[in-house]
Amino acid sequence: MKHSIYLRNFVATALIVLMSFTILGSLATVWSYRRSLSDSRSAMSSTLRETARFVTTRHLYSGLELVDLDLSIWLAFISGVSGFDLLVTDEDGVISACSDRELSYMGMNVPESALSSAFSDPGSVSISSLGQIFPEIRRVAGMPLTVTVDGETFISGFLFISSDMASFRGAWRQFSGVFVLIALNVMALTFVISFVATKKQAEPINEMSMAARHFARGDFSARVKDTGRYDEIGQLAQAFNAMAVSLESAETLRRDFIANLSHELKTPMTVIDGFAEGIIDGTIPPEEAARYLSVISSETKRLSRLVGSMLDISKLQSADAATVLKNSFDISEVVRLALLSMEGKIESKGLDVEAELPEEAVMTRGDKDSITQVVYNLIDNATKFSPQGGTIRLELWKQGERAYVSVENSGDPISEDEMPHIFERFHKADKSRSADREGVGLGLYIVKTILDNHNEDIFVTSDDGKTKFVFTLTVI
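Residues numbered from 1 in each chain as written. Predicted model: local features only at pLDDT ≥ 70, side-chain atom pairs only at ≥ 80, totals over all residues. Heavy atoms only, no water.

Draft legend 1. Geometry of the overall build of the protein. Summing up its helical and strand segments, the protein has eleven helices and twelve strands in all. Taking contacts inside the protein between residues at least 6 apart in sequence as the whole, the part at least 24 apart equals 65%. (Helix = DSSP H or I, 4+ residues; strand = E, 2+ residues; numbered from the N terminus. Contact = heavy atoms within 4.5 Å.)

Listed below in C-alpha cells is the structure:
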C-alpha cells in the first residue's frame, strides 16, 4: 500500500495543496498586515487633523483654553469614537488635556524630540512611548496647534494621537485568524476530495493488476468493471477488456489448434504404425503387403502436406505487409495459370469450366506467388466439392480501385452453422476428418491469412446449389 500509485498521487496532491496554501497564507498575512497598518495610519492622520482643526477653531472663536476640562471631555468623546488616545500640550510640551477619563497624563512633559518631530513632520507616525509617558510602546503621531492673529501665526500647543500596538495586533490577528480558519477548512475539504478522487482513479488500475495476475495463471476470464467513465482511465479499462477478450479468444484458438493438430497427426500415424507392424509380424499376408504399403505411402505424403502447410502458415504470419504491397503482378495471368495447373483434377471429375477473364492485363498490388496460392486453393476447393460432371465458374472484373476475383462451383451449399467457421484452421465442412484423405483443413485458412496480409477482403455466398468465393485486390 505504501508504494501504491494511489498513495503517491494523494501525497503529491496534498503537498501541492499544502504548499499552495502556505505560500498564499504567507502572502495574505503580509498583505493584510501592511493593509491594516496603512488603514490605521490613514485613520490616525485623519483623526489627528480633524481634532486639531476642532481644537484650534474652538480656541480661536470660542475662547476654549487648552487646560479647560471641557476640552478633555471632548477628547474622551473623540477617543471613544475613533479608538485612539489623544493628548494636548502647551507650547512647552506640558500635557494640559487628555482623553484618559482619569486624567492620569495631566502635567506630564512630552520630550523635546517628540515636539520637534511633530513640528517638522506633522502627522508622521512613529513608534514611541513619548518619553515614558505611556507604559508601553505605541504608534504615535503629532502636530502643532497653530492660530493666526492679525496675519501672524502662533503655536499655541501640540496635539498627539496614539494607538496601542496590542489593540492593533489584536485586530490584525482577528482578521488573520478568520483567514486561517477558512484556509484550513478549504484545505481539509481539498484533502477529502483528493483522497476520494485519487482512490476512484486507482480502483480500475488495481482491478487491472488483479486481472493481470489471473492472466499470468492462465485464467483469461477476468475483466475490469466498466464504470461508464469516458476519460483516459475509462479508455484504458475498455482497451484492457478488449485485450482480455482477444487473449481469451487466442487461448481458445490455441487449445483448439493443438487438439485439431493432434487429431490430424494421430490418424495417419496410427494407420502407418498399424499397417507397418502388420507387415513386419506377418499379420498382413505378403501378397497384400503392396496394397498396405501404398496406404502407408499415402498417409506419409499426407503428413508431409500437413507439415508443409504449417510451415507455409508460419511464413505467412511473419510476412511484412508493407514489403508485400510493394510488388505488382497481372492477376488475369495468375488465374489462367492456376486454372491450367488444375486441368488434370478438373478433367478427372468431368467438370465444365466457365471463365470470364479480360484479355488485357489487370495489374494489381501484392505478392504474385501468395495470390497464386489463393487462386489455386479456391479452385482446388471448388473442384473437390463439385459433384461429378458439375460446373466451375471463374470471373475477373474491375470496379473503381479494386479488382474482384470470383470462384464458383455447383454442389451442396455450406450450411449456415458452418459458414462462420470455414476459414478456421483444420475446419472441414463434412465434419469427417478422415473422409477427405487429401486435405488437411488448412486451405481456406491460408487463403484468409494471405489476403489479410494484403489488407484485402474475401466474401462467401452459398445457396441454390452454388457456392461462390469472391476476393479483392488493389488495382495499380
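Draft legend 2. Representation of the packing of aromatic side chains within the structure. Using the criterion set out here, one finds nine aromatic pairs in the structure. Ring centres of F215 and F220 lie 5.6 Å apart, and the angle between their planes is 25°; this geometry places the pair in the stacked category. On the accessibility criterion, F220 (16% relative accessible area) is buried. Taking the centre distance of 4.7 Å and the plane angle of 70° together, the rings of F275 and Y292 count as edge-to-face. Taken as a pair, F275 in helix α5 (residues 232–280) and Y292 in helix α6 (residues 286–317) lie far apart in primary sequence, 17 residues in all. Connected via pairs of aromatic rings, a cluster forms that spans F54, W74 and F77. The ring of F134 has R138 lying over it, and the distance from NZ or CZ to the ring centre is 4.5 Å. (Phe/Tyr/Trp six-rings, centres within 6.5 Å; stacked < 30°, edge-to-face > 60°. Buried < 20%, exposed > 50% of the residue type's maximum accessible area, 1.4 Å probe, protein only. Lys NZ or Arg CZ within 6 Å of the ring centre and 35° of its normal.)

Draft legend 3. Up close: the nonpolar core. With 38 residues, the main nonpolar core has I331, I371, L378 and F471 as its most contacted residues. At the level of secondary structure, the elements contributing two or more residues to this core comprise α8 (331–341), α10 (368–385), β9 (391–399), β10 (402–410), α11 (443–453), β11 (458–463) and β12 (466–474). Discounting residues that sit within four places of it in the chain, I331 has contacts with V362, T364, I371, L396, V405 and L473. Core analysis: the next-biggest nonpolar cluster, separate from the first, contains 17 residues, M44, A52, L71 and L159 among them. (Core = buried A, V, L, I, M, F, W, Y, C linked by side-chain atoms within 4.5 Å.)

Draft legend 4. Focus on the sheet that holds β12. A sheet is described by the order of its strands in space; here five strands give the open sequence β7-β9-β10-β12-β11, paired in mixed fashion. Either end of the sheet is taken by a strand with one partner, and the two such strands are β7 (352–356) and β11. Looking at each pair of strands side by side, their axes are set apart by 15° on average, direction ignored. Here nine bridges tie β10 to β12, and the two strands are oriented antiparallel to one another. (Pairing = 2+ DSSP bridges. Axes fitted to C-alpha atoms, helices over the stretch in contact; angles between N-to-C directions.)

Draft legend 5. Summary view of the packing of α8 against α10. It is the contact of α8 with α10, at a shortest axis distance of 9 Å, that shows an interaxial angle of 45°. As the angle between them shows, α8 and α10 are arranged oblique. α10 is crossed by α8, and the crossing has right-handed handedness. On α10, the residues touching I331, E333, V334, V335, A338, L339 and S341 of α8 are K368, I371, T372, V375, Y376 and I379. Grouping the amino acids of the contact of α8 with α10 by side-chain chemistry returns nine nonpolar, two polar and two charged. (Parallel < 35°, antiparallel > 145°, perpendicular 65-115°, else oblique. Left-handed = near helix turned anticlockwise from the far one by under 90°. Nonpolar A, V, L, I, M, F, W, Y, C, P; charged D, E, K, R; others polar.)

Draft legend 6. Structural detail: the side chain of S462. Among the structural elements, S462 can be located in strand β11. Judged by its relative accessible area of 14%, S462 falls in the buried class. At 2.6 Å, the side chain of S462 forms a polar contact with the backbone nitrogen of I414. Reaching out from S462, the side chain makes a polar contact with the side chain of T467 at a distance of 2.9 Å. (Polar contact = N/O pair within 3.5 Å; in protein donor to acceptor, adjacent residues only side chain to side chain.)

Draft legend 7. Fine view of the pattern of salt bridges. Considering all chains together, one arrives at twelve salt bridges under this definition. Of the charged contacts, one joins E456 and R402 as a salt bridge, the two residues approaching to 3.5 Å between their closest N and O atoms. Here the residue E456 occupies a position in the loop between α11 and β11, and R402 occupies one in strand β10, the gap between them amounting to 54 residues. What makes E456 buried here is its relative accessible area of 5%. Among the charged side chains, a salt-bridge network with shared partners connects E354, E356, R393 and E395. (Salt bridge = Lys/Arg side-chain N within 4 Å of Asp/Glu carboxyl O.)

Draft legend 8. Region of the structure containing empty space enclosed by the protein. Taken as a whole, this structure holds two cavities of 30 Å³ or more when the rule is applied. Size it by volume and the largest cavity reaches roughly 60 Å³. Taken together, P204, V224, K225, D226, T227, G228, R229, I233, G234, A237 and Q238 make up the full set of residues lining the largest cavity. Element by element, the count of residues in the lining of the largest cavity is highest for α5, at four residues. (1 Å grid on protein atoms, 1.4 Å probe; cavity = no way out; pocket = protein on both sides within 12 Å on 5 of 7 lines; lining within 4 Å. Points joined across faces, edges and corners; volume = space filled by probe spheres on them.)

Draft legend 9. View of the packing of α10 against α11. Two numbers describe how α10 lies on α11: the axes approach to 9 Å, and their chain directions differ by 150°. Remark: the crossing between α10 and α11 carries left-handed chirality. Contacts between α10 and α11 involve S370, I371, Q373, V374, N377, L378 and N381 from the first element and G443, L444, I446, V447, I450 and L451 from the second. Tallied by class, residues from the contact of α10 with α11 come to eight nonpolar, five polar and no charged.

Draft legend 10. Structural context of the environment of F10. Following the sequence through the fold, F10 ends up in helix α1 (residues 5–61). Spatially, the C-alpha atoms of F10 and A197 are 8.9 Å apart, while their sequence positions differ by 187 residues.

Draft legend 11. Up close: unusual backbone geometry. Phi at Q132 is positive, roughly 70°, even though this residue is not glycine. Considering the arrangement of structural elements, one finds Q132 in the loop between β3 (125–128) and β4 (138–149). The class for Q132 is exposed, based on a relative accessible area of 68%. Of note in this structure, D464 is not a glycine but carries a positive phi near 55°. Along the chain, D464 falls in the loop between β11 and β12.

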